[in-house]
Amino acid sequence: MALAAVSEDALHAAPPDPALVARARKLLDEVPLIDGHNDLPWELRQRVKNHLGQLDLRADTGHLEKRMHTDIPRLRQGGLGGQFWSVYVPVEVTGADAVVQVLEQIDDVHRLASLYPDVFEIARTADDVVRIHKAGKIASLIGMEGGHSIDNSLGTLRQLYAAGARYMTITHSKNNDWADSATDAPKHGGLTPFGEEVVKEMNRLGMLVDLSHVAPETMKKALAVAQAPVIFSHSSARALDAHPRNVPDDVLALLPQNGGVVMVSFVPSFTSEDVRAWNAVKDGEEARLKTLNPEGPDKVKSELDAWVKTHPAPPATAAQVADHIEHVRKVAGIDHVGIGSDFDGITSTPVDLTGVDTYPVLLAELLRRGWSDEDVKKLAGLNLLRVLRQAEQTAARLQKERPASDALIEELDKAAEKKGAS
């Protein structure tokens, strides 16, 4: 397996300078560090079936048999000020079932704030985030992961916004009925007419349009339609790692005009070209074993586990995450980059970004590279606060200009099909 070259900075293996870590922590007292994506609600759904009292987040969950990335002690240690909690619905769940599952997870976020009122508080606006951070608590925002969760209904979209959702990821790993995913065969040319209407209605509501997971053509179509800044809640730079989930440079170059932000992820396969290549080889080995053992899933698992032991995954590092941050800064500008870890949505992490306590390690690496305090503050949260405020301002204007859309997918998209056929 040929491995990609790694930058000298990415190979920097020395422990972070304690003085730089302390400097990073002080900055996070001044501005809220806002993480774009954490899958704790789905983790709780999988572990305890939404019985939130069965798992104490005041305890260290990193020492559980199946370790977690998030708990209150480590959140405090990491200096987190605001979190978009992801409310994720698998692409296999569709229709009314998808709506139920997303509502149940939104309910989980609200219940977490009730269970730990000294730690979490629901935030719906940028001003809420600032106020909650100043009060010493973590502003809890809600991000819906997967546009199939609205069941092709703008009315459902509006009610999910009313329940607290402040962004929606347009697709997940597969296309939906109105948008193309980065990891599926193109079907819609990016967005259908109804997909464009979804983006317009999100802008009218003040809900952020999240372009993580979508195909490049979907990114460009959404950017052409959007009147408010977009976000990429957990993506990295495709120029450094060719994973289809990452953002190409030609899209990064469009962000200054839109005002949007790429929130760089900690996902090893998005971060390290070596890890991405290793995963491809592993997938090939798994496919081979399934062919040899069509009725033996246990044997496939045991043999694949043995293969992994003899072919361990290469590491991803905080320095490589910093490389992606610096690339986004180079192409799009310092005002268009943020952090979106994907903690508790990933099975592995960079070796030195192992949980929510480690954000200062990443910021210390950037300070080591010469970043100013003001630029670190922009990355940590000021950029995202600006995006939220601009989305709120755009919504206030659009709500004066037009009523809520009552468009139906069968009307818009069938009309477009007829027009294309004529």
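Everything below is about the structure shown above.
Here we summarise the structure given alongside this text. (Residues numbered from 1 in each chain as written. Predicted model: local features only at pLDDT ≥ 70, side-chain atom pairs only at ≥ 80, totals over all residues. Heavy atoms only, no water.)

Quick notes on the overall build of the protein chain
Along the protein chain, the regular secondary structure elements total 17 helices and 9 strands. Here the C-alpha radius of gyration of the protein chain, 21 Å, is about what a compact globule of 422 residues would show, namely 22 Å. For the protein chain, the residues scored as buried account for 57% of the 422 residues in total. For the protein chain, contacts bridging at least 24 residues in sequence account for 73% of all contacts bridging at least 6. Carbon and sulfur atoms provide 53% of the accessible area of the protein chain, an area that totals close to 17,400 Å². The average position of the 47 basic charges and that of the 61 acidic charges among the side chains of the protein chain differ by 3 Å. (Helix = DSSP H or I, 4+ residues; strand = E, 2+ residues; numbered from the N terminus. Rg over C-alpha atoms; globule rule 2.2 N^0.38 Å. Buried < 20%, exposed > 50% of the residue type's maximum accessible area, 1.4 Å probe, protein only. Contact = heavy atoms within 4.5 Å. Areas by Shrake-Rupley, 256 points an atom, 1.4 Å probe, with all protein chains shown as cover. Lys, Arg positive; Asp, Glu negative; His and termini not counted. Charge placed at Lys NZ, Arg CZ, Asp CG, Glu CD.)

With respect to the nonpolar core
Among the nonpolar cores identified, the biggest contains 93 residues, and Met144, Trp178 and Leu211 are the most heavily contacted of them. In this structure, Ile34, Phe84, Ala123 and Leu388 belong to the second largest nonpolar core, which totals 19 residues. (Core = buried A, V, L, I, M, F, W, Y, C linked by side-chain atoms within 4.5 Å.)

Structural notes on the environment of Ala364
On the secondary structure map, Ala364 appears in helix α15 (residues 359-368). Considering only alpha carbons, one finds Ala364 and Leu55, 309 residues apart in sequence, at a separation of 32 Å. Residues within four places of Ala364 in sequence aside, it is in contact with Pro16, Leu20, Val21 and Ala24.

What to know about α15
With 9 of 10 residues buried, α15 lies mostly within the body of the structure. Taken residue by residue, α15 has Tyr359, Pro360, Val361, Leu362, Leu363, Ala364, Glu365, Leu366 and Leu367 as its buried positions. After α15 finishes, the residue Gly370 shows a positive phi value of roughly 105°.

Comments concerning the packing of aromatic side chains
Per the stated rule, a full pass over the model turns up 9 aromatic pairs. With a centroid separation of 6.2 Å and an interplanar angle of 55°, the aromatic rings of Phe266 and Tyr359 are classed as tilted. Here Phe266 is found in the loop between β8 (261-264) and α11 (268-271), whereas its partner Tyr359 is found in helix α15, with 93 residues between them in sequence. Given the relative accessible area of 0%, Phe266 is considered buried. Relative accessible area serves as the criterion here: at 1%, Tyr359 is assigned to the buried category. With a centroid separation of 6.0 Å and an interplanar angle of 35°, the aromatic rings of Trp278 and Trp307 are classed as tilted. Note that Trp278 is positioned in helix α12 (residues 273-292) and Trp307 in helix α13 (residues 297-310), a separation of 29 residues in sequence. There is no split in this pair, since Trp278 and Trp307 are both buried. In textbook terms, an aromatic cluster arises when at least three aromatic residues are bridged by ring pairs, as seen for Trp85, Tyr116 and Phe120. Note that Arg166 overlies the ring of Tyr161, its terminal NZ or CZ placed 3.7 Å from the centroid. (Phe/Tyr/Trp six-rings, centres within 6.5 Å; stacked < 30°, edge-to-face > 60°. Lys NZ or Arg CZ within 6 Å of the ring centre and 35° of its normal.)

A short note on unusual backbone geometry
For His213, which is not glycine, the phi torsion reads 80° and is therefore positive. In this fold, His213 is placed in the loop between β6 (208-210) and α8 (216-225). Unusually for a residue other than glycine, Asp344 sits at a positive phi of about 60°. Its location among the elements puts Asp344 in the loop between β9 (337-339) and α15. The buried category is assigned to Asp344, whose relative accessible area is 7%.

Notes on the pairing of strand β2 (residues 80-88)
Within a regular beta strand, the side chains point alternately toward one face of the sheet and then the other, so they alternate between its two faces. Taken across its 9 residues, β2 has 9 buried, putting it largely inside the fold. As paired elements, strand β1 (residues 33-38) and β2 share 4 bridges and run parallel to each other. Residue Ile34 lies in a different strand from β2, and its bridge partner there is Gly82. (Pairing = 2+ DSSP bridges.)

Some remarks on the packing of helix α1 (residues 18-30) against α15
At their nearest, the axes of α1 and α15 sit 8 Å apart, and the two run at 110° to each other. Taken together, the axes of α1 and α15 lie roughly perpendicular to each other. By crossing handedness, the relation of α1 to α15 is classed as right-handed. In this structure, α1 uses Leu20, Val21, Arg23, Ala24, Arg25 and Leu28 to contact α15, whose residues at the interface are Pro360, Leu363, Ala364, Leu367 and Arg368. (Axes fitted to C-alpha atoms, helices over the stretch in contact; angles between N-to-C directions. Parallel < 35°, antiparallel > 145°, perpendicular 65-115°, else oblique. Left-handed = near helix turned anticlockwise from the far one by under 90°.)

The quantities given are spatial measurements derived from coordinates; they are silent on function.
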